[in-house]
Amino acid sequence: RARVLDAHARREVARSSRATDRARSRRRRGEVFRTPGSRRRAESRGVDVCERRARRREGAMQTPDWGALEAVDGVRLSWNVWPNSKIEATKCVVPFGALVTPRKHLPEMPVVPYDPVRCKGCAACLNPYARVDFNGKLWICPFCYTRNHFPAHYASISETNLPAELFPTYTTIEYNLQRPKAPPPAYLFVVDVCLVEDELAALRQSLAQALSLLPENALVGLITYGTHVHVHELGFAECQKTYVFRGNKEFTQAQIQDQLFQGAGGFRGNARNVNPYHHHPNGDPNATGPSGGAAASKFLAPLSECEFSLSAILENLQRDSFSALPECRPARCTGTAIACAATVLSSTLSSLPARALLFVGGPATEGGGAVVGKDLEQAMRSHKDIAKDAAPFMRKASKFYETVATQLCVNGHSLDVFACSLDQVGLAEMKVCAEKTGGMVVLAESFANTVFKTSFARMFSYEGEDALGVSSGGVFEVITSRDVRTAGCVGPCAALDKKTLPGAVADAAIGAGGTTAWKLCSMSNDTSLAVYFEVANAGGKEGSAGTVPPAQQQQQFFLQFVTTATTPAGETRLRVTTTTRRWTDGANVNDVAAGFDQEAGATLVARQLTWKMETEEEFDCPAATRWLDRSLIRLCQRFGDYRKDDPASFQLMPQFSIYPQFMFNLRRSQFVQVFNNSPDETAYYRLVLWRECVLNSLVMIQPTLMAYSFNGPPEPVLLDVCSIAPDRILVLDAYFAVVVFHGQTIAQWRKANYQDQPEHEAFKQLLEAPQADAKEILDRRFPVPRLVDCDQHGSQARFLLAKLNPSATYNSGAMGGQGSDIIFTDDVSLQVFMEHLKRLAVAS
């Protein structure tokens, strides 16, 4: 069933096209009016618009299920019908883009054991949309219209003997490339020892558990840091041997290499000559070490050989012997430790799968990457300090971590950050290392916290539903038709200097732009990339590509996403997803609106907005809110149905019905509003947003709320304060936190232990149902969210109230209902927001 969904979608698009033709004929007969001006003149003459609105509601019923199409190919576009001119495209406001999940699990996707056939003009892979000449053994690329000969092993191709990549239903196909099997990833643990004893004990326990979950042939290493950096030589069997670096001194990559590998024979040269497609220096799939021999095994050794010595080091791991002075922070050289880890990996495992796992419990105070001074009188930087340029350490630390991130990306390695502290640790500065390398980030309060322990254990789960399916060494390419340009990509990736064809890259970049290919050092099965496009043609008239047939250009265009990655099993896979959409006349607003996916559109806008806030200094919170409001007003003016200066007549097309609600919640979310959030927390939220799929991103923007009561089965309710009732249990899924909220009456019954009495078995089941559903959410999500169990009018009820629509506040004079709550806030409610939106949209 999933295979034919794309064909079903194409039929729906064709049906929409026929409906458009019928509408045009009605316009010629005078039944439907062409322009907004003529529509308003007709309405002024008393023409009723109810019939037109009913027709639009009928059209909404025939809109394809965009989520079902995503389940087929792992691709979701904001607009599925594109205007054929750049000017009309800018009027659509919402960016033209695609959310792609390159390693999404597709049960019915075919996997073939050979290499793909590529176009000699644009390097696009052979796909079902290519035109094939079976007699001449030729195929014409749908992207650049180049004629290509089939290779010799395709000699028997015919209409009845097609390869898998030409099957119409196989728009996504995966090739198992015949390459040497890659070794398992190497794990270099970078451990902070400036922790209190309880924290260090909890961390030691988690590290010991991780070693028990790793395969025996995996390479492991250990670096500990505090006042100094200790690089442990696990390959030295006689005794424990470490290399020590001063924490208050900055070291270059060459200096670290000279210290660690002096006399090792040529590692400096190997670290700089990187071949990203060479999976093993000796070509031996069973080899576990790099080409450096003994020098490589000094710091990274197979677990089967060093498990005893590594376990002994972890068991005897003590706090930093240089204790902090009174009224001072500990001397912690996090940046120097990360630089040493990057150099060890690049010098021993260049272009091989490897991860550096950083465990940090406080801010860096010494060396490169320091974010605050030792004196406790000097507070950590806040958002206000950053806005006023009063964060003296931030620029230098960010520049330092950008250098380390580049070193990691060049060698295909990733950095995972596990920050567990009640204070900030400097994640806002070091986020570039995790962002460009695709590393995992977990932010928790303590190493004994369930959020850290469960998330860290899932990192090493390779089988079952809990497995993240982490792939490494990925390259993501985008190939488009000639009238579509690639603007950039927002996600956990780094741009490569590659362009498929001249003119394939847009002038204005969004995210990592200026290219059509990106490097993904690490990605899971759920990692999602937001690719932004720009319409470059002029409606198929003057200025369009001369080699493109006008008829073909008017009808459809093509997008192809090619992802190469090494799976956890060591296989090299290349996945090709080819999709097509059609052009339309930009003046035909109904036709363009019929292909709008408001969920994907909201996600793309959220990523673009947060990217602008991260990269543009003047684009602060008020500026972001104004940008969002103005964009929404322009969208409503374009696709709304209204009479001029009459807010009561305003009505959005059905395809845009809940889009304003998404924007309302995005304005209030932690991605835009930085008040009451530290820079580290804001960086963490945005990092997670940039890597999650549409469904998870929408949960972050607009949380879901489920209600449990005696009146019936669990049901979704409005994200509003009026949903609170004393005899109801609410479960809020805000992605980063799951809140189980008990109404006042339910809480009183639970405190009276009614659930323990046999005659109140139904009440016991009512209490257990939301807990079971919350546990199910926690089990399937990474990073594991925080579980909050609270009661109405309790202190932790703030986690729920902060996310609800404040329809009843302390100064509104209206209560949400019998036993409901009010919210003490001056924020406007969704109703007031929509009233203002309507008034501004219809204004002349």
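Going by the structure above, here's the rest.
A brief look at the structure comes next. (Residues numbered from 1 in each chain as written. Predicted model: local features only at pLDDT ≥ 70, side-chain atom pairs only at ≥ 80, totals over all residues. Heavy atoms only, no water.)

## Concerning the sheet that holds strand β21 (residues 529-535)
Overall, antiparallel pairing links the four strands, which are arranged β1-β3-β21-β18 in an open sheet. Edge positions in the sheet fall to β1 (75-77) and β18 (484-490), since each of these pairs with one other strand and no more. Going from strand to strand, the sheet's axes swing by 25° on average, the running direction of each strand aside. Looking at chain direction, β1 and strand β3 (residues 96-100) are connected through three bridges and run antiparallel. Its bridge partner lying in β3, L77 is registered against A98. (Pairing = 2+ DSSP bridges. Helix = DSSP H or I, 4+ residues; strand = E, 2+ residues; numbered from the N terminus. Axes fitted to C-alpha atoms, helices over the stretch in contact; angles between N-to-C directions.)

## Remarks on the packing of helix α22 (residues 744-751) against helix α23 (residues 761-780)
One way to put it is that α22 packs onto α23 with a least axis distance of 12 Å and a crossing angle of 115°. On the basis of the axis angle, α22 is roughly perpendicular to α23. In this structure, α22 crosses over α23, and the sense of that crossing is left-handed. Along the contact surface, α22 presents I746, W749 and R750, while α23 presents F763, L766 and L767. Per-class residue counts for the contact of α22 with α23 are five nonpolar, no polar and one charged. (Parallel < 35°, antiparallel > 145°, perpendicular 65-115°, else oblique. Left-handed = near helix turned anticlockwise from the far one by under 90°. Contact = heavy atoms within 4.5 Å. Nonpolar A, V, L, I, M, F, W, Y, C, P; charged D, E, K, R; others polar.)

## Structural notes on the environment of V605
Assignment of secondary structure puts V605 in helix α17 (residues 598-615). In this structure V605 comes out as buried when scored by relative accessible area, which is 5%. With 26 residues separating them along the chain, V605 and S631 place their C-alpha atoms 9.8 Å apart. Look past the residues within four positions of V605 in its chain and what remains in contact with it is V94, P95, W627, L628, Y659 and M663. (Buried < 20%, exposed > 50% of the residue type's maximum accessible area, 1.4 Å probe, protein only.)

## Some points on helix α13 (residues 427-437)
Along α13, nine of the 11 residues are buried, which leaves the element largely enclosed by surrounding structure. Just downstream of α13, G438 is the residue with a positive phi angle, here 75°.

## Focus on the pairing of strand β20 (residues 517-523)
Of all seven residues that make up β20, seven are buried, and the element is covered over most of its length. Note: strand β17 (residues 471-480) against β20, six bridges, orientation antiparallel. What sits directly across from F476, in β20, is W518. As defined by bridge partners, strand β19 (residues 494-495) adjoins β20 across two bridges and the pair is classed as antiparallel. Looking at β20, one finds that A495 is bridged to W518.

## With respect to helix α9 (residues 303-315)
In the structure, α9 departs most strongly from a straight axis at S309, where the bend amounts to approximately 30°. Residues of α9 that are buried sit in contact with α6 (197-213), β10 (219-225), β11 (228-233) and β13 (301-302). (Bend = angle between axes of the 7 residues up to and from the residue.)

## Side note on the nonpolar core
In this structure, W79, W82, V231 and F639 are the most contacted members of the largest nonpolar core, which totals 135 residues. If you tally residues by element for this core, the top one is helix α18 (residues 621-639), at nine residues. In contact with W79, not counting residues within four places along its chain, are C92, V94, P95, F96, V592, G595, F596, F639 and F656. Core analysis: the next-biggest nonpolar cluster, separate from the first, contains 37 residues, L195, I313, V442 and A444 among them. (Core = buried A, V, L, I, M, F, W, Y, C linked by side-chain atoms within 4.5 Å.)

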